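# What the coordinates show
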Amino acid sequence: MRAFNAVGGTPRFFRSGAGAWLTDADGNEYVDLVLSWGPLLLGHAHPEVQAAVQAAVARGTSFGAPTEPEVELAEEITARTPVERVRFVSSGTEATMSAIRLARGFTGRDVVVKFAGCYHGHVDALLASAGSGLATFAVPGTPGVPASSTELTIVLPYHDRAAVTAAFAEHGDRIACLVTEAAPGNMGVIEPEPGFNRFLAETCAAHGALFVSDEVMTGFRAARQGQWGRDGALEGWAPDLMTFGKVMGGGFPAAAFGGRADVMALLAPEGPVYQAGTLSGNPVATTAGLTTLRLATDEVYEHVGAAAQTVKDAASQALDAAGVPHVVSSAGTMFSIFLLDPAELATGAVRDFADASRTDARAYAALFHSMLDQGVYLPPSAYEAWFLSAAHDDRAVQAVVDALPAAARAAARVHEG
Ligand code: PLP
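Residues numbered from 1 in each chain as written. Predicted model: local features only at pLDDT ≥ 70, side-chain atom pairs only at ≥ 80, totals over all residues.

As recorded in an unreviewed UniProt entry, the protein goes by the name Glutamate-1-semialdehyde 2,1-aminomutase, listed as coming from Nocardioides marinquilinus. According to UniProt, the comment filed for the protein under the heading Subunit (unreviewed entry) is "Homodimer." Comment text from UniProt for the protein, heading Catalytic activity (unreviewed entry), reads "(S)-4-amino-5-oxopentanoate = 5-aminolevulinate". (UniProt positions renumbered as here; feature names shortened; annotations may be inferred.)

Attention now moves to the environment of aspartate 26. With respect to the helices, strands and loops of the structure, aspartate 26 is situated in the loop between β2 (21–24) and β3 (29–32). C-alpha separation for the pair aspartate 26 and valine 247, spaced 221 residues apart in sequence, amounts to 29 Å. (Helix = DSSP H or I, 4+ residues; strand = E, 2+ residues; numbered from the N terminus.)

The end-to-end C-alpha distance of helix α3 (residues 92–107), which contains 16 residues, comes to 22 Å, matching closely the 22 Å that a straight helix rising 1.5 Å per residue would cover. Looking at α3, one finds that the buried residues are Gly92, Glu94, Ala95, Thr96, Met97, Ser98, Ala99, Ile100, Leu102, Ala103, Phe106 and Thr107. Trailing α3 by a residue or two, glycine 108 shows a phi angle of about 70 degrees, which is positive. (Expected span 1.5 Å × (residues − 1). Buried ≥ 20, exposed ≤ 12 C-beta atoms within 10 Å, placed from the backbone.)

The environment of the ligand is formed by 16 residues, the closest being Ser91, Gly92, Thr93, Gly121 and Val216. Ranked by residue count, the leading element in the shell around the ligand is α3, at 3 residues. (Near = placed C-beta within 6 Å.)

Bringing the sheet that holds strand β15 (residues 376–377) into the picture now. Pairing is mixed in the open sheet, where 4 strands are placed in the order β1-β2-β3-β15. Two strands bound the open sheet, and with one partner strand each, they are β1 (14–18) and β15. Taken together, the 3 bridges between β2 and β3 define a ladder with antiparallel strand orientation. Across the sheet, the residue bridging to tryptophan 21 is valine 31, located in β3. (Pairing = 2+ DSSP bridges.)

Attention now moves to the domain arrangement of the protein. One frequently used descriptor of interface size is the decrease in accessible area upon assembly of the parts. One can read the domain layout of the protein as domain 1 (14–32 + 297–415) and domain 2 (47–295). For domain 1 versus domain 2, the separation of C-alpha centres amounts to 27 Å. Contact with domain 1, which involves 22 residues of that partner, is made by 22 residues of domain 2. If you list the elements that add at least two residues to the side of domain 1 that touches domain 2, you get α10 (298–322), β13 (327–331), β14 (334–338) and α11 (353–356). When residues in the side of domain 1 that touches domain 2 are grouped by element, the largest group, 4 residues, is from β14. (Domains from an automatic or database assignment. Contact = placed C-beta atoms within 7 Å.)

Okay, the packing of helix α5 (residues 161–171) against helix α6 (residues 196–206) next. The geometry of α5 relative to α6 is characterised by a closest axis approach of 11 Å and an angle of 10 degrees between their N-to-C directions. As the angle between them shows, α5 and α6 are arranged roughly parallel. Every residue of α6 that contacts α5 at Arg161, Val164, Thr165 and Phe168 is listed here: Phe199, Leu200 and Thr203. Residues of the contact of α5 with α6, tallied by class, amount to 4 nonpolar, 2 polar and 1 charged. (Axes fitted to C-alpha atoms, helices over the stretch in contact; angles between N-to-C directions. Parallel < 35°, antiparallel > 145°, perpendicular 65-115°, else oblique. Nonpolar A, V, L, I, M, F, W, Y, C, P; charged D, E, K, R; others polar.)

With that settled, the discussion passes to the nonpolar core. Ranked by internal contacts, the top residues of the largest apolar core, which has 138 residues, are Ala103, Cys177, Leu210, Ala256, Leu367, Val376 and Ala411. The dominant element in this core, judged by the number of residues it contributes, is α10, at 9 residues. In this structure, this core is formed jointly by two domains, domain 1 (14–32 + 297–415) and domain 2 (47–295), each of which donates at least three residues. Apart from the residues within four sequence positions on either side, valine 376 is in contact with Tyr30, Val31, Leu33, Met371, Ala399, Val400 and Ala403. (Core = buried A, V, L, I, M, F, W, Y, C linked by C-beta atoms within 7 Å.)

Structure representation (structure tokens):
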């Protein structure tokens, strides 16, 4: 994505970031709506995070042994989510890879169910495309992944309850877990329909499989308690395992998985399921994450949500004025803008990967480049979330709003052909 293949052109090389702003190698400034693909909830170079990190570096960068910030960050995560125990790793990929291994070890089963369009990092078993029919096993989604790595993966359409029911009816006693993004953010943002995640949790429970909720993107970002705070906490259920990354690392390589104490007890060294990492729970990374989460108060989420609303409204108005059909799709403070005609969607909302794939990627590329030329850095792909931060003040938000009408007109010229 950072190569700009999806939008064309030459990627900007950045020299520095401060608050909502990025400066490229040529000295041009941009309002940043990528925020390192989500982690920077407080913006770039937050002074308190910087100071805490600098102090941590001065104390030594890695010990390969437990430290205080690691424990405090785990406490912060267990306080905001239903997970009872936490294991640190260094990337979201490792978190989902390890959660799946643990689910397989716990259940003694091998099959994993995922949804088309959900991304869980570059885990071989999850870089899978749907097979030839529903409830059939997947094929590798990329060269380099052997068929044997995906032959135990089932890929289903998101939101398709009947497909989930059918897959569990046919393979239920072989399914170790179902893994889903808590709210998809990697096919553009899609809000799970009310009760959908609960349905997944209940279906897993009915078949003795584990429900793994991937909150690497949504965790501490969609809302204070992540997407779970927007459905599970209100509806009274919890995933068996959850994965986290991005915001909880505060811009450093820290990620985690956690969940039910009886499941986590199977992890080595307490249990037999092997998992380890030289830099896991690194004191600099966990200090950055801990400081970020402690500063991520309700007010921060209110501010980010309000700033996101202003940008969404302005984008929608600009696209309407330019005559570009579109759908604004949000999950908490995260959102995407799909350039497609809502009349062509069954419900008017983007519900799955097939819907998302209707977005006009060429028109998005025109929108993206116009925004870039006007000093706004959007995600360089039509299928990514737009992020705001606590540092997006009136000046930064206004710069985005001001750039949108011309960008919408650029999109309209391409959209009209
Ligand atoms: N899971 C989700 C939902 C993600 O969005 C990502 C990355 O974008 C990952 C997992 C993988 O995380 P990482 O890039 O840290 O390996």
